[in-house]
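Chain residues, written in single-letter form:
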Amino acid sequence: MDDIGGAEKTKMKTVCVTGAGGFIASWLVQLLLSRGDYVVHGTVRDPSDPKNAHLMALDGAGERLRLFKADMLDYAAVAATVAGCCDGVFHVASPVPAVTPTDPDAEILAPAVTGTQNVLKASHAAAARRVVVLSSVGAVIMNPDIPDGAVADEDCWSDEDHCRTTKVRCTAACMHPSIACIKVAASFSTYMFSSDTIILALSLEQRAALAYGEEAGTGPPAMDVVTVCPPLVLGPLLQPTVNTTTTRFVAYLTGENTEEKKRNTVDVRDVAAALVLALETPEAAGRRFICSAHYMRVSETVALVHSIHPDLKLLDYPRKFVRVEDEKEVSSKRLQALGWKFRTAAETLRDTIDSYKAAGILK
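Definitions and limits used
- Residues numbered from 1 in each chain as written.
- Predicted model: local features only at pLDDT ≥ 70, side-chain atom pairs only at ≥ 80, totals over all residues.
- Heavy atoms only, no water.
- Helix = DSSP H or I, 4+ residues; strand = E, 2+ residues; numbered from the N terminus.
- Buried < 20%, exposed > 50% of the residue type's maximum accessible area, 1.4 Å probe, protein only.
- Contact = heavy atoms within 4.5 Å.
- Areas by Shrake-Rupley, 256 points an atom, 1.4 Å probe, with all protein chains shown as cover.
- Axes fitted to C-alpha atoms, helices over the stretch in contact; angles between N-to-C directions.
- Parallel < 35°, antiparallel > 145°, perpendicular 65-115°, else oblique.
- Left-handed = near helix turned anticlockwise from the far one by under 90°.
- Nonpolar A, V, L, I, M, F, W, Y, C, P; charged D, E, K, R; others polar.
- Pairing = 2+ DSSP bridges.
- Phe/Tyr/Trp six-rings, centres within 6.5 Å; stacked < 30°, edge-to-face > 60°.
- Lys NZ or Arg CZ within 6 Å of the ring centre and 35° of its normal.

Asks: Describe the overall build of the protein, listing the residues and the values that go with them.
Replies: Check the secondary structure of the protein and you find 14 helices and 18 strands. Counting every position in the protein, which comprises 363 residues, the buried fraction comes to 56%. Counting contacts in the protein only where the partners sit at least 6 residues apart, residues at least 24 apart contribute 81% of the total. When the accessible area of the protein is evaluated, it comes to approximately 15200 Å², of which 53% is carbon and sulfur surface.

Below, the structure written as structure tokens:
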């Protein structure tokens, strides 16, 4: 009788995490499993791929994690994965490639929009009460009408016309933070791409998702949508592959990238916490949340890393940086009002570098 009573006290909740093997999603899965009351369905491209082995090694994974092979463009596969996930769905997967796309509309825009639509429709059909969509501040700050020195909030949206005529030199992760795609030994180079397709995809995804949530909120069954927008995401790695955000940051540390500007950053573990908070908080329904912790110059960040890890072999430090336009500062006050907290920059950078050294990325 005692065992039965204990089981009744712990009501298990079933949720889905798309793109479960990625940088942010891996930490999200870890957090959900650590809570003890979540059963997690995770989508990956190939459950048998060794790069997903870290997921099944997580505490509680053997009992409460199921990995599904699912392409976000395959509605039937998505529907099979979210079946039974009535407590919520986290849409973290992204189609952003790790190399310059030859056909951006076909490789980025169409898959992003179609994939999100499939997740929303399948979640609604599965009677999920809420879908939390991971996006990026890329869909917030690319707008010339935001005055210099102003702090952007959730009412700001990237301007479509501006996006179509703007090129950004960066890795894909500065537009979407979830990708894990490059082997540890890969080059940390950046490339030039037209930002229009990626940022338009992020903006269109968000607008469509929130609009879908408004309609689905009337039911039956009732379902709402929440979006979460982080900037550059740092922090320790759980997955064996190196995500493109990491390649971007390492390029700053090694001196391959000498751009000096202010950037918004956040810890991957705090993003995972924000996603769970967005799912569990009733007041979050139908809202958009920026998830950013710090706004610092690149040179300040590199200097802080050097002070924390003076043994780290940083090339040409101290070095000269090339001043470029600052990223627009963003505000997370709305998310903080829900109780979200974040780590100090020093803690994030210490744990990030410790992880990179353990993985052999830095020495």
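Asks: Tell me what's going on with the packing of helix α5 (residues 75–82) against helix α6 (residues 104–125), and back it up with residues and numbers.
Replies: Helix packing geometry: the angle between the two helix axes and the distance between the axes. Between α5 and α6, the least distance of the axes is 9 Å, while the angle of their chain directions is 45°. The orientation of α5 with respect to α6, classified from their angle, is oblique. Pair α5 / α6 crosses with right-handed handedness. The segment α5 lies against α6, with Tyr75, Val78, Ala79 and Val82 engaging Asn118, Val119, Lys121, Ala122, Ser123 and Ala125. Looking at the contact of α5 with α6 residue by residue, the classes come out as seven nonpolar, two polar and one charged.

Asks: Describe in detail the sheet that holds strand β16 (residues 294–297), supporting the description with residues and values.
Replies: Taking strand neighbours across the sheet as the criterion, the three strands line up as β11-β14-β16 in an open arrangement whose pairing is mixed. With one partner strand each, in any of the chains shown, β11 (232–234) and β16 form the two edges of the open sheet. Taken over all neighbouring pairs, the strand axes of this sheet differ in orientation by 45° on average, direction set aside. Here β11 pairs with strand β14 (residues 262–267) via three bridges, running parallel. Residue pairing for β14: Leu234 is matched across the bridge by Asp267. Sheet strands in contact with helix α10 (residues 244–254) are β11 and β14, and its direction is about 85° off that of β11.

Asks: Give me α10: which residues, what numbers.
Replies: Of all the eleven residues making up α10, ten are buried; the element is thus mostly covered by neighbouring parts of the structure. Taken as a whole, α10 has its buried residues at Thr244, Thr245, Thr246, Thr247, Arg248, Phe249, Val250, Ala251, Tyr252 and Leu253. At the exit of α10 stands Gly255, carrying a positive phi of roughly 90°.

Asks: For the packing of aromatic side chains, give the residues involved together with the corresponding values.
Replies: Applying the stated rule across the entire model yields two aromatic pairs. Summarising the aromatic geometry, the rings of Trp340 and Phe342 are spaced 5.4 Å apart at their centres and angled 45° between planes, so their arrangement reads as tilted. Residue Trp340 is classed as buried on the basis of its relative accessible area of 4%. The exposure class of Phe342 is partly exposed, given its relative accessible area of 32%. The positively charged end of Arg207 is found above the aromatic ring belonging to Trp157, 4.1 Å away from the centroid. For Arg288, the ring lying beneath its charged end belongs to Trp157, and the centroid distance is 3.4 Å.

Asks: Requested: an account of the sheet that holds strand β15 (residues 288–290), with residues and values cited.
Replies: Taken in spatial order, the seven strands of this open sheet run β3-β2-β1-β4-β5-β10-β15, and their pairing is parallel. In this open sheet, the two strands that pair with only one neighbour each are β3 (65–69) and β15. Strand-to-strand twist in this sheet, taken as the mean axis angle between neighbours without regard to direction, amounts to 20°. Lying over the sheet, α6 contacts β4 (89–91), β5 (130–134) and β10 (224–229), oriented at roughly 175° with respect to β4.

Asks: Before we move on, can you summarise unusual backbone geometry with the specific residues and values?
Replies: The phi dihedral of Ala127 is positive, around 65°, even though this residue is not glycine. Here Ala127 shows up in the loop between α6 and β5.

Asks: Pulling in residues and values, what's your account of the packing of α10 against helix α12 (residues 298–308)?
Replies: Contact geometry of α10 with α12 gives a least axis separation of 10 Å together with a crossing angle of 80°. The pairing of α10 with α12 is recorded here as roughly perpendicular in orientation. Residues Phe249, Tyr252 and Leu253 of α10 lie in contact with α12, whose contacting residues are Val298, Thr301, Val302 and Val305. Here the contact of α10 with α12 is composed, by residue class, of six nonpolar, one polar and no charged.

Asks: Quick one: what's the story with the environment of His162, residue by residue and with numbers?
Replies: One can find His162 in helix α8 (residues 160–164). C-alpha separation for the pair His162 and Asn143, spaced 19 residues apart in sequence, amounts to 6.7 Å.

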